[in-house]
Amino acid sequence: MTKEVIKGRRIESPSSVNTFLQCKRKYYYRYIAKLPTKSNIAQIRGKAVHSVLENFFTIEISDIKGNEFYDYFRLKLIELFNKHWVIALGELMKLDLPKTTIKEHYISSLDMLNNFLYRFCERLDKDMKTLTLQEAFSRWKPEAEIKYYSEKYQVLGFVDAVREIDGEVSLWDYKTSRQDKISDEYYLQLGIYALMYYEKHGRYPDKVGVDFLLHGERVLPVDDKIINNAKEQLIKIHTSVVSNEFKDYPQTIGPLCKWGTGQCEYYEECFGQKKLSSYGIGSPASSEGRIDDTIKKKDLFGIRVN
Ligand code: SF4
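As the structure is a computational prediction, the values presented were derived from the model and not from experiment.

Counting its regular elements, the protein contains 10 helices and 9 strands. Residues counted as buried form 27% of the 306 residues belonging to the protein. Considering only intrachain contacts with a sequence separation of at least 6, the fraction spanning at least 24 residues in the protein is 70%.

This is how it looks when you write it as structure tokens:
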């Protein structure tokens, strides 16, 4: 039997779908015009922390004795983080940020990793009433960075952690954000993960969740509602992004353009002096893409834009 496939312009990802929902213009710049991407400190830190958590579960634990495990793991986690932070430093320095900002991110990342470790060790401690450390460790050890793909819905993504405990499967995304609530954006991301898992295994995972590293885990059961939401949004994006025309991807002007300590990576293209022609892309037919006179006269989100 031929599988029905939703035809789109490209294979999407949870991140591209959410970009489209946030701001169509941003989607255009990133996925159609393919403008060079710019890093920011939140992304660089997030990447370093994710790498640490991926590597943490591969450490050698056969020699750990008795109750020394917390100190041993803590040391390993710090070693791993320092290694990945040094790798990240080259990119961080290019951002030309005050040293205090970089230091704050270093310290808060270690806090997040410590929180994660504390919660993990509490679980081990509980299990070690009946299991050895090694048995408890492998019980809680997730599969990391698992690639999933839905041919039918033309979407691909990597799940940070897949856990199976006593036959119950849960999919996890690590977040280094300050917030600790499952927003609509995260709900959709988790729904897409669950949908891709279903396509691969023929059953829903039992749970999906976000591990907010600063705060703790928030978990949701997987039901038809979360799966159908993912399907609807995927169909919507595939049918909406067939055009290559700049004008078909309007701006969504709001707090995601500029905020206290940063701005959207395409702010200059939207409101500044940078034009698409500087990337060798033809000028848009309309005057969109530059801030209009009405907006120029205003303070935009508290920041004077002209
Ligand atoms: S600056 Fe605002 S309008 Fe422009 S791409 Fe970014 S989010 Fe969209």
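In the sheet, strand S3 (residues 168-175) pairs with strand S4 (residues 207-212) via 6 bridges, with the strands oriented parallel. The partner of Tyr174 across the bridge, within S4, is Asp211. What joins S3 to S4 is helix H7 (residues 184-201), and the crossover it makes is right-handed. Judged from the 6 bridges that link them, S4 and strand S5 (residues 216-221) form a sheet pairing that is antiparallel. When the sheet's bridge partners are listed, Phe212 is paired in S5 with Gly216. Between S4 and S5, which pair antiparallel and follow one another directly, the connecting turn spans 3 residues.

The environment of the ligand is made up of Cys23, Arg25, Lys26, Gln251, Thr252, Ile253, Leu256, Cys257, Cys264, Tyr266, Tyr267 and Cys270. Residue assignment for the shell around the ligand shows that the elements contributing at least two residues are helix H2 (24-32) and helix H9 (267-271). When its residues are assigned to classes, the shell around the ligand shows 8 nonpolar, 2 polar and 2 charged.

On to the nonpolar core, then. Formed by 53 residues in total, the largest nonpolar core has its most connected members in Val52, Ile192, Tyr193 and Ala194. With residues up to four places along the chain from it excluded, the contact list for Ala194 reads Leu171, Tyr204, Pro205, Val208, Val222, Ile226 and Ile227.

We now examine the confidence of the model for the protein. In low-pLDDT regions, the fine details of the predicted coordinates are not to be read closely. For the protein, per-residue confidence averages 87 on the pLDDT scale, and 86% of positions sit at 70 or higher. Note that pLDDT drops below 50 for residues 285-306; the model gives that stretch 23 contacts with residues more than four away or on any other chain.

In this section: the packing of H7 against helix H8 (residues 224-240). Where H7 meets H8, the closest approach of the two axes is 8 Å, and the angle between their N-to-C directions is 95°. The orientation of H7 with respect to H8, classified from their angle, is roughly perpendicular. Here Tyr187, Leu188, Leu190, Gly191, Ile192, Ala194, Leu195 and Tyr198 of H7 come into contact with H8, specifically with Ile226, Ile227, Asn229, Ala230, Lys231 and Gln233. In terms of residue class, the contact of H7 with H8 is built from 10 nonpolar, 3 polar and 1 charged.

So, on to the environment of Ala48. Relative to the helices and strands, Ala48 resides in helix H3 (residues 41-56). Sequence-wise, Ala48 and Phe81 are 33 residues apart; in three dimensions their C-alpha atoms are separated by 7.1 Å.

Judged by pairing direction, the sheet is mixed, and its 5 strands sit side by side in the order S1-S2-S3-S4-S5 without closing on themselves. Every interior strand has two partners, whereas the edge strands, strand S1 (143-150) and S5, have only one. Looking at each pair of strands side by side, their axes are set apart by 40° on average, direction ignored.

How each quantity is defined
- Residues numbered from 1 in each chain as written.
- Predicted model: local features only at pLDDT ≥ 70, side-chain atom pairs only at ≥ 80, totals over all residues.
- Helix = DSSP H or I, 4+ residues; strand = E, 2+ residues; numbered from the N terminus.
- Buried ≥ 20, exposed ≤ 12 C-beta atoms within 10 Å, placed from the backbone.
- Contact = placed C-beta atoms within 7 Å.
- Pairing = 2+ DSSP bridges.
- Right-handed = clockwise from strand over helix to strand, strands pointing away.
- Near = placed C-beta within 6 Å.
- Nonpolar A, V, L, I, M, F, W, Y, C, P; charged D, E, K, R; others polar.
- Core = buried A, V, L, I, M, F, W, Y, C linked by C-beta atoms within 7 Å.
- pLDDT = per-residue confidence, 0-100.
- Axes fitted to C-alpha atoms, helices over the stretch in contact; angles between N-to-C directions.
- Parallel < 35°, antiparallel > 145°, perpendicular 65-115°, else oblique.

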